[in-house]
Amino acid sequence: LADPRRKALGRIVREAAEVARRTGSYPDWYFLNFAYRADAGDHGEYLHRAQYRRLMREMKRRENFAVLEDKLRFRERLRGTSVRLPRLLAHNEGATFRVGEKERHVGDARAFAALVGDLLARSATGRVFAKPVEGRKGYGCRRIDGATAAAELAALHAETVAQRFLCEEALVQHPALAAIF
């Protein structure tokens, strides 16, 4: 009660009673998660104990997250939502790249360099971001632009035919972030 950052006492009682009614149990999570604080936002957004346990059980089931491990499936799932995604320029299965509705066989580094040139021309930013479809934490991702060396493109070609990649239009970055990369 002495916390100067808490909501009004009447509001705390009302919200705690609402949580108890909704969950059918004592609203201890309301207090443990500091939902009574004025800066806590909507108390209904916090998980109560039963929701948390159910979420933890579901997270142990790997099949529930297959869509997160495949960037193409993830993009498909988000189509039609308000989530902004970079424009997909191409993706591959081995040496066959799908560019829009067309398939293009890229058997050597020279053909790959020509494909990259076409993708750069289609990109509004003049840059392409290539990443493994099943990659994690940014490993294997490459930003490609007109200054990318031929040797680097040849190495990237070897990587892309060995696994599935997708090529997206690189987003315009904030100058401070762009300076890091």
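Just above sits the structure.
Description of the structure in this document. These numbers were taken from a predicted model, which means no experiment stands behind them. (Residues numbered from 1 in each chain as written. Predicted model: local features only at pLDDT ≥ 70, side-chain atom pairs only at ≥ 80, totals over all residues. Heavy atoms only, no water.)

## Topic: the pattern of salt bridges
Note the cut-off: Whenever a carboxyl oxygen of Asp or Glu lies within 4 Å of a side-chain nitrogen of Lys or Arg, that contact is scored as a salt bridge. Between buried and exposed lies partly exposed: a residue is buried under 20% and exposed over 50% of the maximum accessible area for its type, with that area taken using a 1.4 Å probe on protein chains only.
If you walk through the whole model with that rule in mind, you get 14 salt bridges. Here K7 and E15 are joined by a salt bridge, their closest N and O atoms 2.8 Å apart. Using a relative accessible area of 4% as the deciding quantity, one classes E15 as buried. Among the ionic pairs, E168 bridges to R75, the shortest N-O distance being 2.7 Å.

## Details of the environment of D70
Put simply, the rule is: The way it works is that DSSP assigns letters per residue, a run of H or I at least four long becomes a helix, a run of E at least two long becomes a strand, and they are numbered from the N terminus. In this description, contact between two residues means that some pair of their heavy atoms is separated by no more than 4.5 Å. Polar contact criterion, stated in full: a pair of N or O atoms within 3.5 Å, where within protein one must be able to donate a hydrogen and the other to accept it, and residues adjacent in sequence count only if both atoms are side-chain atoms.
Here D70 lies in the loop between α4 (66-69) and α5 (71-78). Counting along the chain gives 63 residues from D70 to V133, while the straight-line C-alpha distance between them is 5.5 Å. Excluding anything up to four places from it in sequence, D70 contacts V133 and R164. Of note is the side chain of D70, whose polar atom sits 3.0 Å from the backbone nitrogen of L72.

## Re the sheet that holds strand β5 (residues 142-144)
For clarity, the threshold we go by: A pair of strands is labelled paired if DSSP reports no fewer than 2 bridges between them. Helix axes use the C-alpha atoms of the stretch in contact, all axes being lines fitted to C-alpha atoms, and the angles between their N-to-C directions lie in the range 0 to 180 degrees.
The strand order across the open sheet built from six strands is β3-β2-β1-β6-β4-β5, with neighbouring strands paired in antiparallel fashion. Only two strands of the sheet have a single neighbouring strand rather than two, namely β3 (102-105) and β5. Taken over all neighbouring pairs, the strand axes of this sheet differ in orientation by 25° on average, direction set aside. Pairing geometry for strand β2 (residues 96-99) and β3, over four bridges, is antiparallel. Each residue of the ladder has a partner; that of R98, found in β3, is E103. Here helix α7 (residues 150-162) sits on the sheet in contact with β1 (88-93), β2, β4 (128-132), β5 and β6 (165-169), set at roughly 130° to β5.

## A look at the layout of surface pockets
To keep things clear, this is the line we draw: Method remark: on a 1 Å grid restricted to protein atoms, a set of points is classed as a cavity if a 1.4 Å probe fits but cannot get out and as a pocket if it is open with protein on both sides within 12 Å along at least five of seven lines; lining residues have an atom within 4 Å of a point. Grid points are joined across faces, edges and corners, and a volume is the space filled by probe spheres set on the points. Residues are grouped as follows: nonpolar covers Ala, Val, Leu, Ile, Met, Phe, Trp, Tyr, Cys and Pro; charged covers Asp, Glu, Lys and Arg; every other residue, Gly included, is treated as polar.
Counted as a void, the largest pocket has a volume near 320 Å³. If you list the elements that add at least two residues to the lining of the largest pocket, you get α5, β4 and β6. For the lining of the largest pocket, a count of residues per class yields ten nonpolar, one polar and seven charged. Approximately 150 Å³ is the volume found for the second largest pocket.

## Thoughts on the nonpolar core
Selection criterion: Residues belong to a common nonpolar core when they are buried Ala, Val, Leu, Ile, Met, Phe, Trp, Tyr or Cys residues joined through side-chain atoms within 4.5 Å.
Grouped together as the largest cluster of nonpolar side chains are 17 residues, with contacts concentrated most on F97, F112, L115, L119, V128 and I144. Mapped onto this core, the elements with two or more residues apiece are β1, β2, α6 (109-122), β4, α7 and β6. In terms of residue count, α6 provides more of this core than any other element does, five residues in total. In contact with F112, not counting residues within four places along its chain, are F97, V106, L153, L156, H157 and T160. In terms of nonpolar packing, the next biggest core, distinct from the first, is built from seven residues, I12, A16, V19 and Y36 among them.

## Some details on the side chain of N92
On the secondary structure map, N92 appears in strand β1. Overall, N92 belongs to the buried group, its relative accessible area being 1%. In terms of polar contacts, N92 uses its side chain to reach the backbone carbonyl oxygen of Q163, at 3.3 Å. Within the structure, N92 has its side chain in polar contact with the backbone nitrogen of F165 (distance 2.5 Å). Setting aside residues no more than four positions away along its own chain, N92 makes contact with F97, T160, V161, Q163, R164 and F165.

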